[in-house]
Amino acid sequence: MKFSDKAAVYFIMGSKNSGTRNPLKVLEAALKGGIGHFQLREKGEGALTGSALLEFALACQQLCRSYGVPLIINDLVELACQIDADGVHIGQDDAEAGQVRQRIGKEKLLGVSVHSVKEAHLAAEAGADYVGMGPVFGTASKADAKKPAGVQEIQAVATAFPFLPIVGIGGINPENAAQVWRSGVAGIAVISSITEAHDIAGQIAALQAGRIEGDRK
Ligand code: 3NM
């Protein structure tokens, strides 16, 4: 599978990110609202494990499939293989990208978090289909997030590797999304902008709004 070159919102969520709302209802609303990718990121306190995680992942998968949206699993390569997810996303501290590519085969998407042109180069050489870059802005959703980096390095990677899709992440909301689109990304990834929105479809439309002027195509 190729990372979609249609610029879109990339939604990330774990079972604990949706507050008092049922995460599957939030996911369905996001799918209805037009997200292009969903990443299941089950991390942190109270994270599901074992059969509860498997059951939740399968429920997410069923929803994603019914909307034709790829399901990407954060970090848990074996879970991704077990349920035949559409892809895997790993960070610099997770497994080595080349080894993950070997494990998941050629068909599944591989996303790698990078922070520099050098890391992007290594990720692409190891077989990444896209790279995630962040945090662009300050975020409360990732405990060990680095310092906000703005869009400068995204622009550098977009210039160095024009055909490598980049997904910007971290603190992105409708007010600052246009700036990220303009930097040359193929997608913007959000957790709280969607999980905390009352009108999820409206929020996704607002996140996409800056896309036209920033679209690389
Ligand atoms: N990764 P929100 S920032 C999962 O910088 C994640 O790699 C980041 O959540 C990185 O949209 C982040 O609520 C959290 O800021 C994004």
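The structure presented is a predicted model; accordingly, all values stated were derived computationally and were not measured.

Student: Could you clarify how one ought to interpret the state of the cysteines in this entry?
Tutor: The term disulfide refers to a covalent linkage connecting the sulfur atoms of a pair of cysteines. Tallied over the full model, the rule gives zero disulfides. Between C60, a free cysteine, and C64, which holds the nearest cysteine sulfur, the sulfur-to-sulfur gap is 6.5 Å. Take C60: its relative accessible area is 0%, and that puts it in the buried class.

Student: I'm lost on the site of the ligand in this one. Help?
Tutor: Taken together, R41, G134, P135, T139, S141, K142, I169, G170, G171, V190, I191 and S192 make up the full set of residues adjacent to the ligand. Within the side chain of S141, a nitrogen or oxygen atom sits 2.4 Å from an oxygen atom of the ligand. Relative to its free-state accessible area of 420 Å², the ligand is covered by the protein chains to the extent of 94%. Taken atom by atom, the bulk of the ligand overlaps the largest pocket. In the shell around the ligand, the residues fall into four nonpolar, six polar and two charged.

Student: Teacher, can you tell me more about empty space enclosed by the protein here?
Tutor: Any space left empty among the atoms is revealed by the rolling of a water-sized probe across them. Enumeration over the complete set of coordinates arrives at one cavity of 30 Å³ or more. Here the largest cavity is characterised by a volume of approximately 30 Å³. F3, S4, K6, A8, Y10, H37, A186 and G187 are the residues that line the largest cavity. Grouping the constituent residues of the lining of the largest cavity by class yields four nonpolar, three polar and one charged.

Student: Got a minute to help me understand the UniProt feature "binding site: Mg(2+)" (unreviewed entry) in the protein in this structure?
Tutor: The residues that UniProt annotates with the feature "binding site: Mg(2+)" (unreviewed entry) are D75 and D94. The largest pairwise C-alpha distance within this set of annotated residues, which runs over 20 residues, is 6.6 Å, so the set is compact in three dimensions. Cross-referencing the annotated residues with the lining of the largest pocket gives D94. With respect to the helices and strands, D75 occurs in the loop between β3 (71–74) and α3 (77–83). Setting aside chain neighbours within four positions, we find D75 in contact with K43, H89, I90 and D94. On the secondary structure map, D94 appears in the loop between β4 (87–90) and α4 (97–104).

Rules and cut-offs
- Residues numbered from 1 in each chain as written.
- Predicted model: local features only at pLDDT ≥ 70, side-chain atom pairs only at ≥ 80, totals over all residues.
- Heavy atoms only, no water.
- Disulfide = S-S within 2.5 Å.
- Buried < 20%, exposed > 50% of the residue type's maximum accessible area, 1.4 Å probe, protein only.
- Near = heavy atom within 4 Å.
- Polar contact = N/O pair within 3.5 Å; in protein donor to acceptor, adjacent residues only side chain to side chain.
- Areas by Shrake-Rupley, 256 points an atom, 1.4 Å probe, with all protein chains shown as cover.
- 1 Å grid on protein atoms, 1.4 Å probe; cavity = no way out; pocket = protein on both sides within 12 Å on 5 of 7 lines; lining within 4 Å.
- Sits in = over half its atoms within 2 Å of the grid points.
- Nonpolar A, V, L, I, M, F, W, Y, C, P; charged D, E, K, R; others polar.
- Points joined across faces, edges and corners; volume = space filled by probe spheres on them.
- UniProt positions renumbered as here; feature names shortened; annotations may be inferred.
- Helix = DSSP H or I, 4+ residues; strand = E, 2+ residues; numbered from the N terminus.
- Contact = heavy atoms within 4.5 Å.

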